[in-house]
Amino acid sequence: SPLAFQAGPPLLEPMLSCMLAGSLVCNYHRRREELHRLLAATMPDVLLFFFFTTGGALDFGLLRAAWPAAVALCLARLLS
C-alpha cells in the first residue's frame, strides 16, 4: 500500500535538500556572498557532469515519439 509506513529514517529527496540548504544559508546565516563565490566556482563542473550523465541516459526512441508534444508546449508557452 502506498500509505504504509516504513521502518527507519525518512528518505530525503537530494534536490529538495540542496534547495533547502541553499535557502537557509542565503537567508539566515548571512553567507550569501561566500555561497555565491562557491557556486560560481563549482557550477561549470557540476553542470558538465549533470548534462553528460543525463545525455548518456537519453532514450532517443522516446524523444522521437514525444517531440511533437514538446514543440506544442514550447509554442504555447511562447504565445501565452
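Residues numbered from 1 in each chain as written. Predicted model: local features only at pLDDT ≥ 70, side-chain atom pairs only at ≥ 80, totals over all residues. Heavy atoms only, no water.

Engineer: Account for the overall build of the protein, naming residues and giving values.
Structural biologist: Helix and strand counts for the protein come out as three helices and zero strands. N-terminal to C-terminal, the α/β element order of the protein is α-α-α. (Helix = DSSP H or I, 4+ residues; strand = E, 2+ residues; numbered from the N terminus.)

Engineer: Can you lay out the packing of aromatic side chains for me, pointing to particular residues and giving the numbers?
Structural biologist: Within this structure, the stated rule accounts for one aromatic pair. When the ring of Phe-50 is compared with that of Phe-51, the centres are 5.0 Å apart and the planes differ by 75 degrees; the resulting orientation is edge-to-face. Its relative accessible area of 54% is what places Phe-51 among the exposed residues. (Phe/Tyr/Trp six-rings, centres within 6.5 Å; stacked < 30°, edge-to-face > 60°. Buried < 20%, exposed > 50% of the residue type's maximum accessible area, 1.4 Å probe, protein only.)

Engineer: Provide a residue-level description of helix α2 (residues 32-56), including the pertinent values.
Structural biologist: For α2, with 25 residues, the first-to-last C-alpha span of 34 Å sits near the 36 Å given by 1.5 Å per residue. At Thr-42, α2 shows its largest kink, close to 45 degrees, and the proline Pro-44 lies no more than four residues downstream. Counting buried residues along α2, only one of its 25 residues qualify, which leaves the element largely exposed. (Expected span 1.5 Å × (residues − 1). Bend = angle between axes of the 7 residues up to and from the residue.)

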